Amino acid sequence: MATLRTVLPVWALAAIAAAVPAPEPVPHPMITPAPERRALDPGSYINSVISNIGSGVSSYVASGVPQFFQDFPTGDAVESSLGINNDDLKATPTQVLNIPGYGNWTNDGWNVRVHGNVFKQPNISQDDVDDLANKFLIGTDIQDLPEDQQNQARNLTRSIFVVQQEDLNVTINFENDVSVEPDASGGVINAEGGAQTIQLPYKTTDQGDFDTFVVLANTTGPNGGHLIAGNATSSIQSLNMYANGTNTGNATAYLVPPEGLTIISDIDDILRITKIYDPKEGLLNSFARAFTPWENMPEIYANWSASIPDFHFHYLTTTPEQVTRNYMEFIYKTYPLGSFDTRPLNFSDVSATLSIRRFLLDKIFQTFPQRKFVLMGDTTNSDVMKAYPALAKDYPGQVQCIFLRNTSATDSTDLFPYDTSGFEGLDQKQYMFFIHANDLTNLDVVGGNCYNATIPQNVTFGYQGYGFGNSASSRAFGGSSATALIIAWFSLAVLLF
Ligand SMILES: *[C@@H]1O[C@H](CO)[C@@H](O)[C@H](O)[C@H]1NC(C)=O
Ligand SMILES: *[C@@H]1O[C@H](CO)[C@@H](O)[C@H](O)[C@H]1NC(C)=O
Ligand SMILES: *[C@@H]1O[C@H](CO)[C@@H](O)[C@H](O)[C@H]1NC(C)=O
Ligand SMILES: *[C@@H]1O[C@H](CO)[C@@H](O)[C@H](O)[C@H]1NC(C)=O
Ligand SMILES: *[C@@H]1O[C@H](CO)[C@@H](O)[C@H](O)[C@H]1NC(C)=O
Ligand SMILES: *[C@@H]1O[C@H](CO)[C@@H](O)[C@H](O)[C@H]1NC(C)=O
Ligand SMILES: *[C@@H]1O[C@H](CO)[C@@H](O)[C@H](O)[C@H]1NC(C)=O
Ligand SMILES: *[C@@H]1O[C@H](CO)[C@@H](O)[C@H](O)[C@H]1NC(C)=O
Ligand SMILES: *[C@@H]1O[C@H](CO)[C@@H](O)[C@H](O)[C@H]1NC(C)=O
Ligand SMILES: *[C@@H]1O[C@H](CO)[C@@H](O)[C@H](O)[C@H]1NC(C)=O
Ligand SMILES: *[C@@H]1O[C@H](CO)[C@@H](O)[C@H](O)[C@H]1NC(C)=O
Ligand SMILES: *[C@@H]1O[C@H](CO)[C@@H](O)[C@H](O)[C@H]1NC(C)=O
């Protein structure tokens, strides 16, 4: 057991320790008295609370990724801590996580992003898997969950405890045989040519990742079909891409023309119910319960897919790569088809965690300098709150709409403050904070009228949320609601550490 614990994230160790009554109370930086109230700026106060608590909460707040989804062990750490025999591991099949990518049109032809991870899954006994799963399910024993939730928890735990494979060549077979359901996938059509095999120009990284663009040759398909040039179509062409040598690495590539509309959508607390701001619920929603859509977002997306011409869907979450399959499986059975981004394994330290979303957003904006983007997220993620309005300023004319679900408006357990200062100077037509999914119905997204005038915005261009109030009059930091917020922060910190 001691060896298992060495691979668990810090928060889990601390939570386990916290469950054991401490002999005597130990002073802790978290309970340092609040700074002088009068001169208090909520932003700097929160930052100081965050830095006192430590990096864990800071990245939790930053990326909206459940804290329990941070700091998974990788590679050697998994192998040595689980006492895995090298020969046993050698005998297990190599698997490939191939993440659906986008491609842009260039002077050389279609240029397609291929990204994912190569790994082996050790054969861990069910007892050991249950022990590991219990570490994630703080306060709940896997045996006490309904059977479907037990299976989900075991599945996720096995997905996390994998051994990534470095320094390998990856070969991708492209095939033009995707069967696309017309209504489920907007402007996506099957490519009529383009089948070919390409060895990626780089080997897998130390963490087993691959992420590169490759240029497709214009090969002839069945019946003399071809890939359509990007400047001769507005449709998105899809090709299957299989990692050679395994049947675990199947994905779809989306060839997206230079002009048109792309939606970049976050997933947690906007497309599914996660409640990352409520750690106990967040844990169960992420590790055990089946993923559940939030309100009628599936209908909103289906309508957009059907009504907005050639709408490209790109799902961008900063959840760690190890759990990508579960996210993709949920998205593709619930929402329109599209390309995907999750957090690559080399972004693991705190400063990298804080920059990952912007890194992935810049990559897609720079790949499609003439497309316009609809950005979807929620107020819980401070990196979204910062990056989305910044993109509107950094890529003039490319941000069509920013939609942000105000999670604290519908959920009184959400005590996370959010910073709206980035929105100062943006045209209200360009963005909307909304409360229910239905607030998005019948909006003229194509015309760039992204604000539903029936939804009061209350934007103060500063820190807002429960405890700071939604209106300008309660903008000042103080009063009993502020105290409630501080208490909430501390309870959260206690849960996490
Ligand atoms: C389309 O792009 C190709 C490659 O960049 C170029 O050779 C061709 O002239 C373009 N056609 C049109 C109609 O712009
Ligand atoms: C995994 O290990 C168990 C015994 O520990 C063995 O019975 C089973 O066959 C193994 N499974 C695979 C796929 O190797
Ligand atoms: C977990 O479930 C998904 C979806 O059913 C499946 O694709 C994946 O192989 C499973 N992973 C493990 C490690 O069992
Ligand atoms: C990987 O690819 C390179 C370049 O094609 C080749 O020289 C090398 O032998 C390959 N390595 C393996 C292990 O297949
Ligand atoms: C491929 O070649 C065909 C036939 O020459 C041409 O019609 C088509 O535009 C080309 N497609 C691309 C992607 O270059
Ligand atoms: C593809 O995989 C097969 C079987 O694993 C292997 O024999 C073949 O050499 C691979 N092809 C390439 C181009 O890597
Ligand atoms: C992946 O694609 C290959 C080639 O079409 C197919 O043989 C295999 O069954 C597919 N694997 C899965 C898991 O769908
Ligand atoms: C992670 O790797 C990608 C290439 O796969 C690279 O562009 C990026 O800068 C790396 N990020 C960090 C934080 O090392
Ligand atoms: C295509 O995407 C690549 C990779 O992001 C980018 O460097 C290049 O400028 C893009 N090309 C065009 C024509 O937009
Ligand atoms: C605005 O929001 C209301 C309330 O959710 C909804 O009934 C209406 O359809 C939305 N759209 C427009 C354009 O008013
Ligand atoms: C979706 O579109 C249908 C048909 O146009 C319409 O009846 C329905 O109200 C729309 N629903 C939403 C949520 O936009
Ligand atoms: C604006 O404030 C009102 C009144 O407090 C509240 O009901 C509503 O949810 C707020 N709007 C948003 C988008 O949060």
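Residues numbered from 1 in each chain as written. Chains lettered and ligands numbered in written order. Predicted model: local features only at pLDDT ≥ 70, side-chain atom pairs only at ≥ 80, totals over all residues. Heavy atoms only, no water.

## Notes on the pattern of salt bridges
Which entries qualify depends on this criterion: For salt bridges, the criterion is a side-chain nitrogen of Lys or Arg within 4 Å of an Asp or Glu carboxyl oxygen. The helix count covers DSSP runs of H or I at least four residues long, the strand count covers runs of E at least two residues long, and both are numbered beginning at the N terminus. Buried residues are those whose accessible area, probed at 1.4 Å on protein chains only, stays under 20% of the maximum for their type, while exposed residues exceed 50% and partly exposed ones sit between those limits.
The tally for this structure, following the rule as stated, stands at ten salt bridges. Note that Lys 363 and Asp 211 form a salt bridge whose closest N and O atoms lie 3.9 Å from each other. Residue Lys 363 is found in helix α12 (residues 350-367), and its partner Asp 211 is found in strand β8 (residues 209-215); the two are separated by 152 residues along the sequence. Since its relative accessible area comes to 34%, Asp 211 is described here as partly exposed. Across the salt bridge formed by Asp 362 and Arg 358, the nearest N and O atoms sit 3.1 Å from each other. A residue pair is termed a helical-turn pair when its members lie 3 or 4 positions apart in one helix, as Asp 362 and Arg 358 do in helix α12 at four residues. Each of Arg 113, Asp 211, Asp 341 and Lys 363 takes part in a single network of salt bridges with overlapping partners.

## A few points about the state of the cysteines
Cysteine pairs can be linked by a disulfide, which is a covalent bond between their two sulfur atoms. The cut-off we apply is this: Note on disulfides: each one is a pair of cysteine sulfur atoms within 2.5 Å.
Counted according to the given criterion, the structure contains one disulfide. Paired by a disulfide, Cys 401 and Cys 450 hold their sulfur atoms 2.0 Å apart. Of note, the bridge from Cys 401 to Cys 450 carries an S-S torsion of about -60° and is left-handed in sense. Of this pair, Cys 401 sits in strand β15 (residues 399-405) while Cys 450 sits in the loop between β17 (431-434) and β18 (463-464), placing them 49 residues apart in sequence. On the accessibility criterion, Cys 401 (0% relative accessible area) is buried.

## Some thoughts on a negative patch on the surface
Just so we agree on the cut-off: Patch building starts from residues that exceed 30% relative accessible area and form no salt bridge, then joins like charges within 9 Å and nonpolar side chains (Val, Leu, Ile, Met, Phe, Trp, Tyr) within 5 Å. We get accessible surface area from the Shrake-Rupley algorithm with a probe of 1.4 Å; when it comes to residues, only the shown protein chains can shield them. For the purpose of charge, His is not counted, nor are the chain termini; Lys and Arg are scored as positive and Asp and Glu as negative. Charge placement uses NZ in Lys and CZ in Arg. For Asp and Glu, CG and CD serve respectively.
Judged by side-chain charge, Asp 76, Glu 166, Asp 167 and Asp 206 come together as a negatively charged surface patch. Inspection of the secondary structure puts Asp 167 in the loop between β4 (163-164) and β5 (171-175).

## Structural notes on the site of ligand 12
Keep this limit in mind: To be near a molecule or strand, a residue needs just one of its heavy atoms within 4 Å of it. Any pair of N or O atoms that falls within 3.5 Å is considered a polar contact. Within protein, one atom must be able to donate a hydrogen and the other to accept it, and sequence-neighbouring residues count only if both atoms are side-chain atoms. Each residue gets one label: Ala, Val, Leu, Ile, Met, Phe, Trp, Tyr, Cys and Pro are nonpolar, Asp, Glu, Lys and Arg are charged, and the others, such as Gly, are polar.
The immediate surroundings of ligand 12 are formed by Asn 406, Ala 409, Phe 433, Ile 435, Pro 456 and Asn 458. Within the backbone of Pro 456, an N or O atom sits 3.0 Å from a nitrogen atom of ligand 12. Within the shell around ligand 12, the residues separate by chemical class into four nonpolar, two polar and no charged.

## What about the site of ligand 10?
Inspection of the region around ligand 10 gives Asn 438, Asp 439, Thr 441, Asn 442, Asn 452 and Thr 454 as its neighbouring residues. One of the side-chain nitrogen or oxygen atoms of Asn 452 is found 2.3 Å away from an oxygen atom of ligand 10. A distance of 3.4 Å is found between an oxygen atom of ligand 10 and a side-chain nitrogen or oxygen belonging to Thr 454. Contact with the protein chains removes 58% of the 350 Å² of surface that ligand 10 exposes when unbound.

## Thoughts on the packing of aromatic side chains
Convention followed: For Phe, Tyr and Trp, rings pair up if their centres lie within 6.5 Å, where Trp contributes its six-membered ring, and each pair is then called stacked (planes under 30 degrees apart), edge-to-face (over 60) or tilted (otherwise).
All told, the structure shown has 21 aromatic pairs when counted by the stated rule. Residues Tyr 301 and Tyr 335 carry aromatic rings whose centres are separated by 5.4 Å and whose planes lie at 70° to one another, so their mutual orientation is edge-to-face. Of this pair, Tyr 301 sits in helix α10 (residues 297-307) while Tyr 335 sits in the loop between α11 (324-334) and β13 (339-343), placing them 34 residues apart in sequence. Both residues of the pair, Tyr 301 and Tyr 335, count as buried. Between Trp 304 and Phe 403, the aromatic rings sit 5.7 Å apart at their centres with planes inclined by 25°, giving stacked as the arrangement. In this pair, Trp 304 is assigned in helix α10 and Phe 403 in strand β15, connecting sequence segments 99 residues apart. Here Trp 304 and Phe 403 have matching classes, each one buried.

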